There are 2 protein chains.
Amino acid sequence: MSNNIQMAKWLVHEMESLGIQVKQKDLGKQPGKDIDLPPLIIGRYGSDPSKPTILAYSHYDVQPAALSDGWDDEPFELTQKEDGRLCGRGTSDDKGPLLNWLNMIQAFKKAGQDVPANLVFCFEGMEESGSQGLADALKEESTGEFAKIDSVCITDTAWSTTNRPNLIRGLRGIMFYHVNIDGADGDAHSGAFGGSLSEPMTDMVNLMASLVDSRGKILVPGIYDDVIPVSAEERKALGEIEMSKASLDGGINGKLLHEDQADNIIARSRKPALSLHGIERASPGKGASTIIPGRIVSRFSIRTVANMNIAKIDELVQTHLNDKFRQLGSKNELSIQLAGRGDWFFEEVDHWNYQAAIQATEKVWGVTPNITAEGGSIPIALDFKKVLNSNVVLLPIGRADDHPHSENGKCLSFVNS
Amino acid sequence: MSNNIQMAKWLVHEMESLGIQVKQKDLGKQPGKDIDLPPLIIGRYGSDPSKPTILAYSHYDVQPAALSDGWDDEPFELTQKEDGRLCGRGTSDDKGPLLNWLNMIQAFKKAGQDVPANLVFCFEGMEESGSQGLADALKEESTGEFAKIDSVCITDTAWSTTNRPNLIRGLRGIMFYHVNIDGADGDAHSGAFGGSLSEPMTDMVNLMASLVDSRGKILVPGIYDDVIPVSAEERKALGEIEMSKASLDGGINGKLLHEDQADNIIARSRKPALSLHGIERASPGKGASTIIPGRIVSRFSIRTVANMNIAKIDELVQTHLNDKFRQLGSKNELSIQLAGRGDWFFEEVDHWNYQAAIQATEKVWGVTPNITAEGGSIPIALDFKKVLNSNVVLLPIGRADDHPHSENGKCLSFVNS
């Protein structure tokens, strides 16, 4: 933690030397500990009422790293490789992208030009630890430092390829379920009782099999009703992205469900998906290999997309599972809990915030960026959108092969071009 | 172990003092250790060629026990309770039943009568440790001490009730399966990849759901074809047994599948049953809660009854699962292993061995014993039957509420009436 606080001090000094007005917002202590959280660094550069005001988010903390993890070079010393790449922990996630903002101001100064927007910086030091304290700070500052924001730009993601930039317009939400089926107070011996007792595991596999098929189609009636169709144009663009095999199959030789690249990308980012994570015995006792488990708990989640409504989907899921359970004619007891939830994020690309990001990317890279969506969640994107009621663009800076959290010695690249 | 060897010495002395010819068969060492196994004690009492020769099996070893486990009295001192019960570890399983054989000879001597059969005793000291060495010893002695056996009587089970004796004619066999579905070399993040990867868990719950329904019916075509029907007479008798609630529901408030007692007993002892024991991820890695597991393994078992054939059932099961898997249209890989197997045991009750046991029970208890079958397996019963090619009767001595393996302080009863 002291490293992060040291990093914060260095960063404040750099920002102030560029003329940025800096406020260090105290986020309190680590929960249950007498250790200070690293501050949220809020900066302001310019306050011309005729210019738009952009909030820029990055984070200055990094994942842990040590040379002994298999790095080629000391991970906390910036090393330039023969091919020009600058390597070290955080070059891609997220110290490099953060420094882009400062380098940009330096470049304008050097060119003797005025930055065409007012900038408000929100640089976090706890992103890799779940953004502790950020949501509360956002709410507080929504009527303070962040009161008059016109749009938000988050630089904390990577390109979906290695050779072409993209902008991220969408993230999926998540609905995480626990399903319990209780049959008995404990486990039974399958020799002595198999055939006479109602077995929760039998019910459970039937319920789980009713949720999704082996082609990935969710079987809960009505679940696709509100999903926004993907346009032919977008589909075509997704098919043309040069994705590596590992980007598509997870780098684990996963079996792709769809023939076309575009369909696979759509299925994992623009459509809902239901994954069964685990089925476990939940009854007390040791659980020999031939038992009839008395209680079973399973976990599954639904990744949601625009414009699915959590309350509506939950109703569809619960109704479906309860109906199926009744059809089984089981004597056991079913309970279903929506144990976790997070909304999807989806922005309209015709907003000036996206159009500006597209134009800027075209100017720097000479190509129109791909407009993509990610399958996972980035809760802060939604926090910024909801709390500040602002359009949010995710502007990826790193590359698809940066391995930002890797511990296997692959070097993180940050191309400083 | 020294306790068992001490017990063996005491037992040999008791047997010899009754005129039994005793041979202590050395079973070698504990696997991988320099510790002697307790001997198999083989005894012979009488060799009149005009009498039948009965092999009697019991065991002199017991489960571990200590006063600190919650016993009311020192478990290795025989304690007489106020109601006359003799309590202590092994009174019911199986020192008490073993001593029955010696008491019986004492009683004949006291009455001045001749024992109407030649007796060959097979008293084991490793039953509670998986009958180590017994199967090999049986084979060796099948042309030696056990060469001219006419029938076998095993006294190592308990009545199925507390108030009426029974004879056990049948035990179920077991076929234990491992099913693997492999989709990827590791786990994937369900946010990033859910919808685009073929998920082994989805296939697995579909396969498992195709095996058995929530009413306990096995769905593998043809699996019931060779099962011997239960006669109306036997069904009626099973309905009349006075079973406790705990005997029926496992003492764990299990939900019974059938309305009638007879149907529940038949389902768990005279019909096959299929139980799903567990579904687990088998891919390397830590396995966060929202992963898509790359590999899944599940375990299930089928309890078999007369006259099911293991090879035939295995073919039916494998064909069924492979067909179902093809129907799923999955891109993953399925493998099925029959990882364990043991035959069922079923005797014809009209054999003189059973008729003699019925008559003896009627004489002692004044009632005709129930003829029952057990749902679990007792491998030694089948070993005696197959190796010695002999009819085997299981003559229960203890009561249904003896709790022979209990560690929770309930006293083991052996009613010496």
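Only a predicted model underlies this, so the values are computations on that prediction, with no experimental measurement involved.

**Q** Explain the overall build of chain A to me, please; I cannot follow it from the model alone.
**A** Counting secondary structure elements, chain A contains eleven helices and 17 strands. When the backbone C-alpha atoms are referred to their principal axes, chain A occupies close to 85 × 55 × 50 Å. For chain A, the proportion of its 417 residues judged to be buried stands at 53%. Total accessible area on chain A is roughly 18300 Å²; 49% of this is exposed by carbon and sulfur atoms.

**Q** Is there a simple way to explain the environment of B:Glu199 in this structure?
**A** If you trace the backbone, B:Glu199 turns up in the loop between helix 4 (190-193) and helix 5 (200-209). For the pair B:Glu199 and B:Gly183, spaced 16 residues apart in the sequence, the C-alpha separation amounts to 6.5 Å. Once residues lying within four places of it in the same chain are set aside, the contact partners of B:Glu199 are A:Leu274, A:Ser275, A:Leu276, B:Gly194, B:Ile292 and B:Asn332. One polar contact links B:Glu199 to A:Ser275, side chain to side chain, over a distance of 2.8 Å.

**Q** What's the story with the relation of the copies chain B and chain A in this structure? I'm lost.
**A** Between the two copies of the chain lies a rotation about an axis combined with a shift along it. It takes a turn of 180 degrees to lay chain B on chain A, together with a shift of 0.0 Å along the axis; the resulting RMSD is 0.0 Å. Expressed as a symmetry operation, the mapping of one chain copy onto the other fits a two-fold axis. Of the C-alpha atoms belonging to chain B, the one lying closest to the rotation axis is found on B:Val205, 2.4 Å away. When the interface residues of chain B are mapped onto chain A, 100% of them again fall at the interface, so both copies present the same face.

**Q** Would you mind going over the interface of chain B and chain A with me for this structure?
**A** Many authors give the size of an interface as the accessible area that is lost as the parts come together. Between chain B and chain A, the contact holds 69 residues from the first and 69 residues from the second. Here chain B meets chain A over a buried area of about 5300 Å², counting both sides, of which 53% is carbon and sulfur. For the chain B face of the interface with chain A, the top three residues by lost area are B:Ile252, B:Lys255 and B:Lys331, together amounting to 13%. The interface formed by chain B and chain A contains two salt bridges. Linking A:Glu259 and B:Lys331 is a salt bridge whose minimum nitrogen-to-oxygen distance equals 3.6 Å. Summed over the shared surface of chain B and chain A, the number is 32 residue pairs in polar contact (both at pLDDT 80 or more). Across the side of chain B that touches chain A, the residue classes break down as 25 nonpolar, 29 polar and 15 charged.

**Q** Sorry, what's going on with the side chain of A:Gln261 here?
**A** By the secondary structure assignment, A:Gln261 is in helix 8 (residues 261-269). A distance of 2.9 Å separates a polar side-chain atom of A:Gln261 from the backbone oxygen of A:Leu238.

**Q** Could you clarify how one ought to interpret the pairing of strand 2 (residues 40-45) of chain A in this entry?
**A** Residue and element names in this part refer to chain A. The buried count for strand 2 comes to five of six residues, which makes it a mostly enclosed element. Pairing analysis gives five bridges linking strand 1 (residues 21-25) to strand 2, with the strands arranged antiparallel. In the strand pairing of strand 2, lysine 25 is matched with leucine 40. Pairing of strand 2 with strand 6 (residues 118-124) involves five bridges; the strand directions are antiparallel. Across the sheet, the residue bridging to arginine 44 is valine 120, located in strand 6.

**Q** For this particular structure, what's the right way to read the packing of helix 3 (residues 134-141) of chain B against helix 11 (residues 379-388) of chain B?
**A** Two measures define how a pair of helices packs: the angle their axes make with one another and the distance between the axes. All names here are of chain B. Look at helix 3 against helix 11: their axes get within 10 Å of each other, and the N-to-C directions meet at 20 degrees. Regarding the angle of helix 3 to helix 11, the classification is roughly parallel. Between helix 3 and helix 11 the crossing geometry is right-handed. On the side of helix 3, the interface is formed by Leu134, Ala135, Leu138 and Lys139, while helix 11 contributes Ile380, Asp383, Phe384, Val387 and Leu388. A per-class count over the contact of helix 3 with helix 11 returns seven nonpolar, no polar and two charged.

**Q** I'm lost on the pattern of salt bridges in this one. Help?
**A** Should their charged atoms come close, side chains of opposite charge can pair. Residue and element names in this part refer to chain A. Enumeration according to the criterion identifies 50 salt bridges over all chains in this entry. For the salt bridge of lysine 312 with aspartate 226, the shortest nitrogen-to-oxygen distance reads 2.9 Å. One end of the pair, lysine 312, is in helix 9 (residues 310-328); the other, aspartate 226, is in the loop between helix 5 (200-209) and helix 6 (232-240), with 86 residues separating them in the sequence. Bridged by salt links that share partners, the residues Lys23, Lys25, Glu140, Glu141 and Glu145 form one connected network.

**Q** Explain a nonpolar patch on the surface here, please?
**A** A contiguous nonpolar patch, built from A:Val364, A:Trp365 and A:Val367 and spanning about 260 Å² of accessible area, is present on the exposed surface. Take A:Trp365: it is sitting in helix 10 (residues 352-365).

**Q** What am I meant to see in the state of the cysteines here?
**A** Here a disulfide denotes a covalent bond joining the sulfur atom of one cysteine to the sulfur atom of another. Residues and elements named next belong to chain A. For the structure shown, the criterion picks out zero disulfides over all chains. Lacking any disulfide linkage, cysteine 153 is separated from the closest cysteine sulfur, that of cysteine 122, by 12 Å. The class of cysteine 153 is buried, set by a relative accessible area of 7%.

**Q** So what exactly am I meant to see when it comes to the side chain of B:Ser283 here?
**A** Residue and element names in this part refer to chain B. Locating serine 283 in the fold gives a position in the loop between strand 11 (273-281) and strand 12 (291-292). With relative accessibility at 7%, the residue serine 283 sits in the buried group. The residues contacting serine 283, other than those within four sequence positions of it, are Gly186, Asp187, Pro293, Gly294 and Arg295.

**Q** Hey, could you run me through the packing of aromatic side chains in this one?
**A** Residues and elements named next belong to chain A. Tallied over the full model, the rule gives ten aromatic pairs over all chains. Through pairs of rings, three or more aromatic residues link up here, namely Trp101, Phe121 and Phe123. Against the face of tryptophan 159 rests arginine 399, its NZ or CZ located 4.3 Å from the ring centre.

**Q** Would you explain the packing of helix 5 of chain B against helix 9 (residues 310-328) of chain B in this entry?
**A** Residue and element names in this part refer to chain B. Two elements in contact, helix 5 and helix 9, have axes whose closest approach is 10 Å; the angle formed by their N-to-C orientations is 135 degrees. When the axes of helix 5 and helix 9 are compared, the pair comes out oblique. For the pair helix 5 and helix 9, the sense of crossing is right-handed. The residues of helix 9 that touch helix 5, namely those facing Asp203, Asn206 and Leu207, are Leu321, Lys324, Phe325 and Leu328. Broken down by class, the residue content of the contact of helix 5 with helix 9 amounts to four nonpolar, one polar and two charged.

**Q** When you look at unusual backbone geometry in this model, what are you seeing that I'm missing?
**A** Most peptide bonds are trans, and most residues other than glycine sit at a negative phi. A cis amide bond links A:Asp93 with the next residue in sequence, A:Asp94, at an omega value of 10 degrees. With respect to the element layout, A:Asp94 can be found in the loop between strand 5 (86-87) and helix 2 (95-111). In this structure, the amide linkage connecting B:Ala306 to the following residue, B:Asn307, adopts the cis form with an omega of 0 degrees. Here A:Asn389, not a glycine, exhibits a phi torsion of approximately 50 degrees, which is positive.

**Q** I keep staring at the domain arrangement of chain A and nothing clicks. Help me out?
**A** According to the domain assignment, chain A consists of domain 1 (2-157 + 378-394) and domain 2 (173-224 + 272-342). A straight line from the C-alpha centre of domain 1 of chain A to that of domain 2 of chain A covers 42 Å.

**Q** How should I be thinking about the environment of B:Phe300 in this particular structure?
**A** Residues and elements named next belong to chain B. Here phenylalanine 300 lies in strand 13 (residues 295-304). For the pair formed by phenylalanine 300 and leucine 211, sequence separation is 89 residues and the distance between their alpha carbons is 9.6 Å. Sequence-distant contacts of phenylalanine 300, defined by excluding residues within four places in its chain, comprise Met175, Phe176, Tyr177, Val179, Met208, Leu211, Leu274, Ser275, Leu276, His277, Val317 and Leu321.

**Q** What am I meant to see in the confidence of the model for chain A here?
**A** Detail in the predicted coordinates should be disregarded across regions flagged by low pLDDT. For chain A, per-residue confidence averages 92 on the pLDDT scale, and residues scoring 70 or more make up 95% of the total. Taken together, the stretch residues 407-417 of chain A has pLDDT below 50 and engages in 36 contacts with residues farther than four places along the chain or on a different chain.

How each quantity is defined
Residues numbered from 1 in each chain as written. Chains lettered and ligands numbered in written order. Predicted model: local features only at pLDDT ≥ 70, side-chain atom pairs only at ≥ 80, totals over all residues. Heavy atoms only, no water. Helix = DSSP H or I, 4+ residues; strand = E, 2+ residues; numbered from the N terminus. Buried < 20%, exposed > 50% of the residue type's maximum accessible area, 1.4 Å probe, protein only. Areas by Shrake-Rupley, 256 points an atom, 1.4 Å probe, with all protein chains shown as cover. Contact = heavy atoms within 4.5 Å. Polar contact = N/O pair within 3.5 Å; in protein donor to acceptor, adjacent residues only side chain to side chain. Least-squares fit on C-alpha atoms with pLDDT ≥ 70 in both. Buried area = accessible area lost by both parts, 1.4 Å probe. Salt bridge = Lys/Arg side-chain N within 4 Å of Asp/Glu carboxyl O. Nonpolar A, V, L, I, M, F, W, Y, C, P; charged D, E, K, R; others polar. Pairing = 2+ DSSP bridges. Axes fitted to C-alpha atoms, helices over the stretch in contact; angles between N-to-C directions. Parallel < 35°, antiparallel > 145°, perpendicular 65-115°, else oblique. Left-handed = near helix turned anticlockwise from the far one by under 90°. Patch = residues over 30% accessible without salt bridge, like charges linked within 9 Å, V, L, I, M, F, W, Y side chains within 5 Å. Disulfide = S-S within 2.5 Å. Phe/Tyr/Trp six-rings, centres within 6.5 Å; stacked < 30°, edge-to-face > 60°. Lys NZ or Arg CZ within 6 Å of the ring centre and 35° of its normal. Domains from an automatic or database assignment. pLDDT = per-residue confidence, 0-100.

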